[in-house]
Amino acid sequence: MPSTPLSLSFDRRRALAALGGLALAPLALDAQAQAFRPGQPIKVLIGVPAGGTQDVLTRAIAQQVRDALGPLIIDNRAGAAGRIAAETVKTAAPDGHTLLLGTASMMTMFPSAYRSLSYDPIKDFVPLINAARFELALTVHKDVPANTLAEFIAWAKTQGDKLSFGSYGAGTPSHFLGEMLNRAAGLKMVHVPYRGSTPARQDLMGGTVPVYFDTVGGAQQMLPTGRAKVLATSGEKRSPLMPNLPCFVEAGYKDVVATAWFAYYAPLKTPQPVIDKLRAEFTRAVNAREVRQLLLQNGMYPVGDGSEALLKTMREDTARWAGIMKAVNFQATD
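The rules behind these values
Residues numbered from 1 in each chain as written. Predicted model: local features only at pLDDT ≥ 70, side-chain atom pairs only at ≥ 80, totals over all residues. Heavy atoms only, no water. Helix = DSSP H or I, 4+ residues; strand = E, 2+ residues; numbered from the N terminus. Expected span 1.5 Å × (residues − 1). Buried < 20%, exposed > 50% of the residue type's maximum accessible area, 1.4 Å probe, protein only. Contact = heavy atoms within 4.5 Å. Core = buried A, V, L, I, M, F, W, Y, C linked by side-chain atoms within 4.5 Å. Polar contact = N/O pair within 3.5 Å; in protein donor to acceptor, adjacent residues only side chain to side chain. pLDDT = per-residue confidence, 0-100. Axes fitted to C-alpha atoms, helices over the stretch in contact; angles between N-to-C directions. Parallel < 35°, antiparallel > 145°, perpendicular 65-115°, else oblique. Left-handed = near helix turned anticlockwise from the far one by under 90°. Nonpolar A, V, L, I, M, F, W, Y, C, P; charged D, E, K, R; others polar. 1 Å grid on protein atoms, 1.4 Å probe; cavity = no way out; pocket = protein on both sides within 12 Å on 5 of 7 lines; lining within 4 Å. Points joined across faces, edges and corners; volume = space filled by probe spheres on them. Salt bridge = Lys/Arg side-chain N within 4 Å of Asp/Glu carboxyl O.

Counted at 1.5 Å a residue, the expected span for helix α6 (residues 173–185) with its 13 residues is 18 Å, and the 18 Å between its end C-alpha atoms agrees. The buried count for α6 comes to eleven of 13 residues, which makes it a mostly enclosed element. Within α6, burial applies to P173, S174, H175, F176, L177, G178, E179, M180, L181, N182 and A185. One or two steps after α6, the chain reaches G186, where phi turns positive at roughly 70°.

Turning to the environment of A35, a few remarks are in order. Along the chain, the position of A35 falls in the loop between α1 (3–33) and β1 (42–46). Along the backbone, A35 and T270 are 235 residues apart, and their C-alpha atoms lie at a distance of 8.0 Å. Beyond its immediate sequence surroundings of up to four residues, A35 is in contact with D95, G96, P271 and V274.

This paragraph deals with the nonpolar core. Membership of the largest hydrophobic core comes to 97 residues, with the highest contact counts inside it found for L57, F152, F248 and Y264. The element that contributes the greatest number of residues to this core is strand β4 (residues 125–141), accounting for ten residues.

Next up on the list: the environment of V230. Inspection of the secondary structure puts V230 in strand β8 (residues 228–233). Exposure remark for V230: the relative accessible area of 11% places this residue in the buried category. Residues V230 and D214, spaced 16 residues apart in sequence, show a C-alpha to C-alpha distance of 9.5 Å. For V230, the residues in contact, after removing those within four places along its chain, are A137, L138, T139, A219, L223, M242 and L245.

Along the polypeptide, H97 turns up in the loop between α3 (83–90) and β3 (98–103). On the accessibility criterion, H97 (6% relative accessible area) is buried. Separated by 3.0 Å, the side chain of H97 and the backbone oxygen of P41 make a polar contact. In contact with H97, not counting residues within four places along its chain, are F36, R37, Q40, P41, I42 and K43.

Glancing now at the confidence of the model for the protein chain. Averaged over every residue, the pLDDT of the protein chain is 89; residues scoring 70 or more account for 90%. A low-confidence stretch, residues 1–34 (pLDDT under 50), is modelled with one contact involving residues beyond four sequence positions or located in other chains.

Remark: helix α2 (residues 53–69) packs on helix α9 (residues 272–286), axes separated minimally by 9 Å, with the N-to-C direction vectors making an angle of 140°. Taken as axis vectors, α2 and α9 run oblique relative to one another. As α2 runs across α9, the sense of the crossing is right-handed. Contacts between α2 and α9 pair I61, Q64, V65, A68 and L69 from the former with K277, L278, E281, F282, R284, A285 and V286 from the latter. Looking at the contact of α2 with α9 residue by residue, the classes come out as eight nonpolar, one polar and three charged.

This brings us to the layout of surface pockets. Its volume calculated, the largest pocket comes out at about 430 Å³. Lining the largest pocket are 31 residues, with V48, Y168, G169, T172 and G196 positioned closest to its centre. Taken together, the elements giving at least two residues each to the lining of the largest pocket come down to α2, α4 (104–113) and β9 (259–267). Considering every element that reaches the lining of the largest pocket, the biggest residue donor is α4, with four residues. Of the residues belonging to the lining of the largest pocket, the class tally is 16 nonpolar, 13 polar and two charged. Taken as a whole, the second largest pocket encloses approximately 200 Å³ of empty space. Within the residue set of the lining of the second largest pocket, elements represented by two or more residues are β4, β9 and α11 (307–328). For the lining of the second largest pocket, the element with the most residues is α11, which contributes four residues. Taken together, the residues that form the lining of the second largest pocket break down as five nonpolar, three polar and four charged.

What follows covers the pattern of salt bridges. Here the structure, examined in full by the defined rule, presents eleven salt bridges. The partner of K90 in a salt bridge is D124, and the shortest N-O contact between them spans 3.6 Å. In this pair, K90 is assigned in helix α3 and D124 in the loop between α4 and β4, connecting sequence segments 34 residues apart. Ionic pairing is found between E281 and R284, a salt bridge with its closest N-O pair at 2.9 Å. Within this pair, E281 and its partner R284 are both found in helix α9, separated by three residues, close to a single helical turn. Its relative accessible area of 16% is what places E281 among the buried residues.

This is the structure we're talking about:
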């Protein structure tokens, strides 16, 4: 009958389509299942050399989340003041296995510091958690003839532009704390940027650079060596970690305030269930007693803010640092 071939042809096409659908279904399910692989390593990119407080924070979290998520592996991608790390995570597979430890510098200062930044801190990443914040401190080499902030200001004025100060990177809170003190106290210190805190501390203790604006935790690490002195901290009030030292505000420099933070981010388009799982486990880790104690011992305050609070902090800090950079006419060149 004429209708038979047509019927067979139609049925064959339909059967082939069905078989094709069955063949594709496992692939779709497999791709969905591979969005996150519990137990497989999660790489956390850190934009500074190994040995700093960012490593301390991430290792502390790693110990807490290993059972639920798998091992956290630190990948120190030093260079370009952390921009290499951010660029790498921006283009990483959005599967929850590559994360960024973003700093206040990378995520709120660089948009104003660099004319053409290769990533957008808000549009290119999914914020997970603001894990910790910290203050900075004015540290000087042991041979600097000053034991108080007032004595340092008086001495620094006699040095003019012959006096240099180190920071852990151009366009960072460490850098701009020095610039703010220059403006507030009428100093002319010349900025010397380093690639991270470790080499800056080494040069301060060795006397290569006489002044360095370190994190409070880093300053605490140098004190036992006897090769550095700490004169003031950068919060709005005295640091609980160094209560015997004045903050710049207390000393009359009300605009010399600098606090910073460390937050974790995933690449854009990471599935929401993966984001939720990572955020829940990282939050639990930061709130663990052992982690909180370790952070305080290393000059950091546990935060634990989620995405909404972190985005609010990012927007507010971006606006504040933009104004400061404009005031000092700063533009990054590297």
